[in-house]
Amino acid sequence: MTALASAGQDHPAMIWRNGDLVPWESATIHVNAVGHASTAAVFEGIKAYRADDGERLLLFRLHDHLRRLYDSARIARLHIPYDLPALERAVSDLLRANEFPGNAYVRPWIFPMGIIREQMVPAGAPCEVVIDSWTFDSSLREQAGAQAVVSSWQRISDAAMPPRVKAFSNYHNGRFALMEARASGHDWPVMLNSRHKVAEGPGACIALVRDGVVVTPSLTSDVLDGITRDTSLTLLAEQGVPVEQREVDRSELYLADEMFFMGTAWEILPIASIDGLPVGAGVPGPVTKTLTAAYDGVVHGRAGHEQWLTAVSR
Ligand SMILES: Cc1ncc(COP(=O)(O)O)c(C=O)c1O
């Protein structure tokens with residue numbers, strides 16, 4: 001029986017906690033360690049795709065995700081008591097221990113240790129480091145476009161709660177936008193920033209295509225420094241597609257020939273309509289399809305960029 005099967009379907013057998021692989025059931029904390037204590041927590045979301053050979057599980061841009069975890073922790077003034085190579089090894093050890101048959105999503109996260117009764121978690125508070133993992137199904141090969149809507153909720157700004165920090169608390173902002181979008185029958189919101197320029201979705205960066213040029217909000221537009229965004233810009237440039245990073249007006253969204261979200265979880269997600277207006281023909285366009293195919297090839301180990309892949313063998 002595999003570790004996953006023996007653990008039941010809801011969770012894997014093991015979770016990584018503070019240097020050890022521990023059985024899921026014993027990874028507990030006191031009930032009083034949530035609430036204010038968890039507002040400072042930061043995390044990463046990483047995907048490992050099962051290679052076409054069925055043997056290797058390929059972690060995509062593990063090093064870059066972990067580097068962003070340390071960047072988030074630095075800005076939030078939390079200390080990660082492990083170096084980056086130790087966490088790289090920990091992620092691979094965890095995936096090996098859980099024996100996932102297909103793809104795996106990995107969430108390393110850090111949060112202040114113990115019971116903190118202050119409303120404001122002190123800078124430099126000792127932290128726990130946890131790495132969770134679970135299976136996921138990729139939707140890269142079966143994509144209908146999403147119905148998107150510009151949110152009335154503003155994206156948090158670098159001057160208030162930096163979106164560059166991948167903090168759980170930031171998702172409170174995205175959640176408001178998502179609930180509003182769903183209440184009006186849409187799939188996903190697009191948030192504008194405090195300067196009324198396009199920022200991002202609640203879980204992905206955004207890009208539009210107009211006259212063959214891909215345009216995405218700059219990294220100073222109050223967005224997460226997305227790794228899928230960076231991957232997409234690299235792959236598009238390799239295909240000879242011109243790319244621009246700059247401020248984007250809301251009205252530019254209405255003139256786009258194509259539009260898509262980019263994120264580890266959402267992958268390359270085409271946008272079929274925005275505020276009720278069809279994007280182009282309302283189906284994924286040629287640039288979106290080219291990018292999706294290139295991304296699918298790279299994450300499955302078929303299309304080079306080996307420097308982005310960390311193989312975990314069975
Ligand atoms: C708010 C937000 N923006 C953008 C992204 C995309 O980032 P990445 O491509 O690094 O996953 C995410 C991913 O979780 C996100 O939560």
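Rules and cut-offs
Residues numbered from 1 in each chain as written. Predicted model: local features only at pLDDT ≥ 70, side-chain atom pairs only at ≥ 80, totals over all residues. Heavy atoms only, no water. Helix = DSSP H or I, 4+ residues; strand = E, 2+ residues; numbered from the N terminus. Rg over C-alpha atoms; globule rule 2.2 N^0.38 Å. Buried < 20%, exposed > 50% of the residue type's maximum accessible area, 1.4 Å probe, protein only. Contact = heavy atoms within 4.5 Å. Areas by Shrake-Rupley, 256 points an atom, 1.4 Å probe, with all protein chains shown as cover. Lys, Arg positive; Asp, Glu negative; His and termini not counted. Charge placed at Lys NZ, Arg CZ, Asp CG, Glu CD. Near = heavy atom within 4 Å. Polar contact = N/O pair within 3.5 Å; in protein donor to acceptor, adjacent residues only side chain to side chain. 1 Å grid on protein atoms, 1.4 Å probe; cavity = no way out; pocket = protein on both sides within 12 Å on 5 of 7 lines; lining within 4 Å. Sits in = over half its atoms within 2 Å of the grid points. Expected span 1.5 Å × (residues − 1).

1. Regarding the overall build of the chain
- In terms of helices and strands, the chain carries 7 helices and 17 strands.
- In terms of overall size, the chain behaves like a compact globule, its C-alpha atoms giving a radius of gyration of 20 Å where 314 residues would be expected to give roughly 20 Å.
- Its C-alpha atoms give the chain principal-axis dimensions of about 55 × 50 × 35 Å.
- Per-residue burial over the chain gives 51% buried out of 314 residues.
- Contacts in the chain between residues far apart in sequence, at least 24 positions, make up 70% of those at least 6 positions apart.
- Approximately 14,200 Å² of the chain is accessible, and the part contributed by carbon and sulfur atoms is 54%.
- Separation of charge centres in the chain, based on 28 positive and 37 negative side chains, amounts to 3 Å.

2. Digging into the site of the ligand
- Taken together, 18 residues are adjacent to the ligand, and K166, Y171, E200, T228 and T264 come closest.
- Contact between the ligand and I227: an oxygen atom at 2.7 Å from a main-chain N or O atom of the residue.
- At 2.6 Å, a side-chain N or O of T264 approaches an oxygen atom of the ligand.
- Contact with the protein chains hides 95% of the accessible area of the ligand, taken as 380 Å² for the molecule alone.
- Under a 2 Å grid-point criterion requiring more than half of the atoms, the pocket assigned to the ligand is the largest pocket.
- Elements represented by at least two residues in the shell around the ligand include exactly helix 2 (62-76), helix 5 (227-238) and strand 14 (258-263).

3. Focus: helix 7 (residues 286-299)
- Over its 14 residues, helix 7 runs 20 Å from end to end, which matches the ideal 20 Å to within 8%, given 1.5 Å per residue.
- Looking at helix 7, one finds that the buried residues are V287, T288, L291, T292, A294, Y295, D296, G297, V298 and V299.
- Following helix 7 by one or two positions, G301 adopts a phi angle in the positive range, close to 80°.

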